[in-house]
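These are the residues of each chain, in order.
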Amino acid sequence: MPEFKKRQFLDFEKPIKDLYDQLEQIKASAEKNKTDVSGYIQTLEQKIIDAKRHLTANLTPWQKVQLSRHPDRPYTLKYIDKMTTNFIELHGDRNVKDDKAMVGGFSQLDGETVMFIGQQKGINTKMRQLRNFGMANPEGYRKALRLMRLAEKFNKPIVTLIDTPGAYPGMEAEERGQGEAIARNIFEMMRLKVPVICVIIGEGASGGALGIGVGDRVFMLENSWYTVISPENCSSILWRSWDKKETAAEQLRLTGADMMRFGLVDGVIPEPAGGSHWDYDDAGRILKEYLIPVIKELKQIPAEKRCTDRIEKFGKMGFWNELPQEEHAV
């Protein structure tokens, strides 16, 4: 986790930054003057914790979007590192190449062998370019499907960690069948005979998220979002400008609370005070404690019933109103 001097702060995190600056100054002064200010430091540290809790309790939808993209936020590999042991990454789709934006492999979760699959954004500029900013190509989704089938072959549960601004929209991706790859994953994930748990850990946008987002249980982290399009792109379509992105975020109803109300996710998982980027260990612990009992619960359900329930679950999503016959008659 980045040291304080290397941490990055969003605009609305300024109150926390000010408290940290004050804390650093007091510590430096105490060390220089050889004075004991431990009581004051303890009080200030509690103020920081309270400020973090207050911040995340009053976020707007757009602020949640910003927090989900925080440069210090943990990504898929960090969660795997903090939750599991003996992770063995598997590569390639056996057709085109190894897509670095999609990672996956077997790992031990509390003694249980689990297949983890997720998008990886990269922790610095060079790695973000290598990982294509978490936007997978068709071969990434085909790699994910290959790993899911491998897990099914050995009867191992699957956990997908979703964090993508969308599938890569480039011409070469479309030439290699981006839409077909995502549609194929949705179709095949419906029929997997092993437990499948999906967690949106950051951004959950469009088909890029759905390509690994069909499961028996779908969860969202507290400061993540899940919708068909990013607020910026929604704003550019509706208002021909990115200036309305905050309004778009509000209207898209993309937060965990909104998704719960619509019945699109099964739960919202809390994060450490201030967000997962403040404590990687605690973020991993919280998610791990949610996953273990859910895996045990799903393993008790017969495979055929899990598949049937999964199909029914996604088939019931969405709602609409039908006009009376006379209203839409010509």
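Structure's up top.
Structure report, in brief.

The rules we used
- Residues numbered from 1 in each chain as written.
- Predicted model: local features only at pLDDT ≥ 70, side-chain atom pairs only at ≥ 80, totals over all residues.
- Heavy atoms only, no water.
- Buried < 20%, exposed > 50% of the residue type's maximum accessible area, 1.4 Å probe, protein only.
- Helix = DSSP H or I, 4+ residues; strand = E, 2+ residues; numbered from the N terminus.
- Pairing = 2+ DSSP bridges.
- Core = buried A, V, L, I, M, F, W, Y, C linked by side-chain atoms within 4.5 Å.
- Contact = heavy atoms within 4.5 Å.
- Axes fitted to C-alpha atoms, helices over the stretch in contact; angles between N-to-C directions.
- Parallel < 35°, antiparallel > 145°, perpendicular 65-115°, else oblique.

Quick look at the pairing of strand S2 (residues 102-109)
- The buried fraction of S2 amounts to seven of the eight residues, a majority that puts the element mostly inside the structure.
- The pairing of strand S1 (residues 85-89) with S2 spans three bridges and is classified as antiparallel. When the bridges of S2 are listed, Ile88 appears paired with Phe106.
- Here eight bridges tie S2 to strand S3 (residues 112-119), and the two strands are oriented antiparallel to one another. Pairing of Ser107 across the sheet is with Val114, part of S3.

Focus on the nonpolar core
- In terms of nonpolar packing, the biggest core is built from 32 residues, with Ile117, Tyr141, Met148, Ile158 and Ile212 touching the most fellow members.
- Elements with a minimum of two residues in this core: S2, S3, helix H6 (138-153), strand S4 (158-164), helix H8 (178-190), strand S5 (196-205) and strand S6 (217-221).
- Counting residues per element, this core draws most heavily on H6, which supplies five residues.
- When residues no more than four places from it in sequence are discounted, the contact partners of Ile212 are Met102, Ile117, Gly118, Gln119, Tyr141, Ala144, Met148, Thr160, Leu161, Ile162, Met189 and Cys198.

Quick word on the packing of helix H10 (residues 231-239) against helix H11 (residues 245-252)
- Contact pair H10 / H11: the axes reach a minimum separation of 8 Å and the direction vectors enclose 105°. Relative to H11, the element H10 lies roughly perpendicular. From H10, Pro231, Glu232, Cys234, Ser235 and Trp239 reach across to H11, where they touch Lys245, Thr247, Ala248, Ala249 and Leu252.

Let's talk about unusual backbone geometry
- If you check the backbone angles, Arg94 has positive phi at about 65° while not being a glycine.
- Relative to the helices and strands, Arg94 is located in the loop between S1 and S2.
- Accessibility expressed as a relative area gives 63% for Arg94, which makes it exposed.
- Non-glycine residue Arg253 carries a positive phi angle of around 50°.

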